[in-house]
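What the coordinates show
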Amino acid sequence: MKKLAIIGSTGSVGTQTLDVITQHADQFEVEGLAAGSNADLFVEQVNKFRPKKASVSTKEIADRVRPLIPSGVELYYGEEGLIEVAAGTEAETVVTAIVGSAGLPATLAAISEGKHIGLANKETLVTAGHLVTGLAKKKGVSLLPVDSEHSAIFQCLNGERMEDVERITLTASGGSFRDLSRDQLQHVTVEDALKHPNWSMGAKITIDSATMVNKGLEVIEARWLFGMSFEQIGVLLHPESIVHSFVEYRDGSVIAQLGTPDMRVPIQYALSYPERWTSSTKRLSLAEVGKLHFREMDMVRYPCLRLAFECGKIGGTATSVYNAANEVAVARFLNREISFLQIEHIIESVLSRHEVQAEPDLEAIKEADRWARETARSL
Ligand code: NAD
Ligand code: MG
């Protein structure tokens, strides 16, 4: 039995992780579940999976759910509760399905306790990649990618030597607005932006896919997961989301990972690795698909991707600020305070005001994150 904890259990990745666990119920024991504010779903999950520890975002929600869950479950709340679930159980692996850099303290706490990470929460690597990977190395724990592109790269690298790798390429679906010109982007609505053509995901990452910030975050995530330089990381537009990403080797061979778009496959692989288990995902029929399309990425059409590469190359607090400014801008867009194109303007303006600090420690990252949020709110 694998002992697991999940932080962000009520979200898109969290619920699909629990689906995988249900499909392979004899393989897993759920030690901890942490969620934000979806109390009804949280209560249902705690009653079904009976974790030893559980946590919600606030005391009010904790008071509301306490009478509805088994009395043996230790219930916590807030950031301390999140850390308790991530680091304070017997789980060997913690799936980080929480959204945003809010997941950083709990992820670091879990790694400190020697827990492997099934990593969906890419923002932690963007905001503090050197701290997360440094601590993981020191503690001898694995960071197993859940993100579909990174799972693909991880699978394509299996059994290969890193010195033989020339480049990796992340594919991008293009999000909800891939067929619109920049002019047409001026008047798009929140509802339009939330309609992703290929994947059903949380609101923040769906907006990030439309602005291409998601691919920017993923480029930085790949740099930390695979130790690549930014010159070795490419992005290619691929509307079908069938080729999940690929690796080019120095002998000219290209190894890609393909499949129908279904997050439960990379989630399951992060949990079953190094084994592969059965899955009921729809099988890929290339004959049925017929054609696959690929296009060069246009950095003028997608300035947020250009900014991510620039921040990545600068390093230090630049990526923390890129991430935090984006989190605030997306929240403001979802709240209908700003237009779609103002997301990129806010990120760029906040970055232009930031004095980058190299090799920041955790305190410096928290300070850069706080400053970027405050600045992004004021614009
Ligand atoms: P989501 O919004 O659907 O779910 C987020 C979860 O985190 C929810 O359970 C929410 O309650 C919880 N949460 C949020 N803030 C919290 C807080 N402060 N304390 C405790 N819990 C909190 O998001 P998602 O789409 O599942 O994405 C989660 C992460 O996985 C993101 O980093 C995203 O980039 C990454 N990811 C998602 C997908 C996908 O298909 N959805 C694919 C690849 C990577
Ligand atoms: Mg992805």
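Residues numbered from 1 in each chain as written. Chains lettered and ligands numbered in written order. Predicted model: local features only at pLDDT ≥ 70, side-chain atom pairs only at ≥ 80, totals over all residues.

Points about the domain arrangement of the protein chain
- Structurally, the protein chain comprises domain 1 (2-145) and domain 2 (161-262 + 297-314).
- Just the C-alpha atoms count here: the centres of domain 1 and domain 2 sit 26 Å apart.
- On the domain 2 side, the residues contacting the 11 residues of domain 1 number 10 residues.
- At the level of secondary structure, the elements contributing two or more residues to the side of domain 1 that touches domain 2 comprise helix H6 (122-139) and strand E7 (143-145).
- In terms of residue count, the dominant contributor to the side of domain 1 that touches domain 2 is H6 (6 residues).
- Each residue belonging to the side of domain 1 that touches domain 2 can be placed in one class, and the counts come to 5 nonpolar, 4 polar and 2 charged. (Domains from an automatic or database assignment. Contact = placed C-beta atoms within 7 Å. Helix = DSSP H or I, 4+ residues; strand = E, 2+ residues; numbered from the N terminus. Nonpolar A, V, L, I, M, F, W, Y, C, P; charged D, E, K, R; others polar.)

What about the sheet that holds strand E2 (residues 28-34)?
- Strand order across the open sheet formed by 7 strands is E4-E3-E2-E1-E5-E6-E7, with parallel pairing between neighbours. Each edge of the open sheet is held by one strand with a lone partner, namely strand E4 (74-77) and E7. On average, adjacent strands in this sheet sit at an angle of 25° to one another, irrespective of strand direction.
- In this sheet, strand E6 (residues 116-119) lies alongside strand E5 (residues 93-96) in parallel orientation, the contact comprising 4 bridges. Bridging from a neighbouring strand, Val95 pairs with Gly118 of E6.
- Of the strands in this sheet, E2 and strand E3 (53-56) touch helix H2 (residues 39-49), which is tilted by about 155° from E2.
- Each of strand E1 (2-7), E5 and E6 is contacted by helix H5 (residues 104-112), which is oriented at about 145° to E6, the strand it contacts most. (Pairing = 2+ DSSP bridges. Axes fitted to C-alpha atoms, helices over the stretch in contact; angles between N-to-C directions.)

Looking at the site of ligand 1
- Looking at ligand 1, there are 28 residues lining it, with Gly8, Gly11, Gly36, Met201 and Gly202 nearest.
- A total of 3 residues in the shell around ligand 1 trace back to one element, the largest contributor, which is helix H1 (residues 12-23).
- Counting the residues that make up the shell around ligand 1, at least three belong to each of domain 1 (2-145) and domain 2 (161-262 + 297-314). (Near = placed C-beta within 6 Å.)

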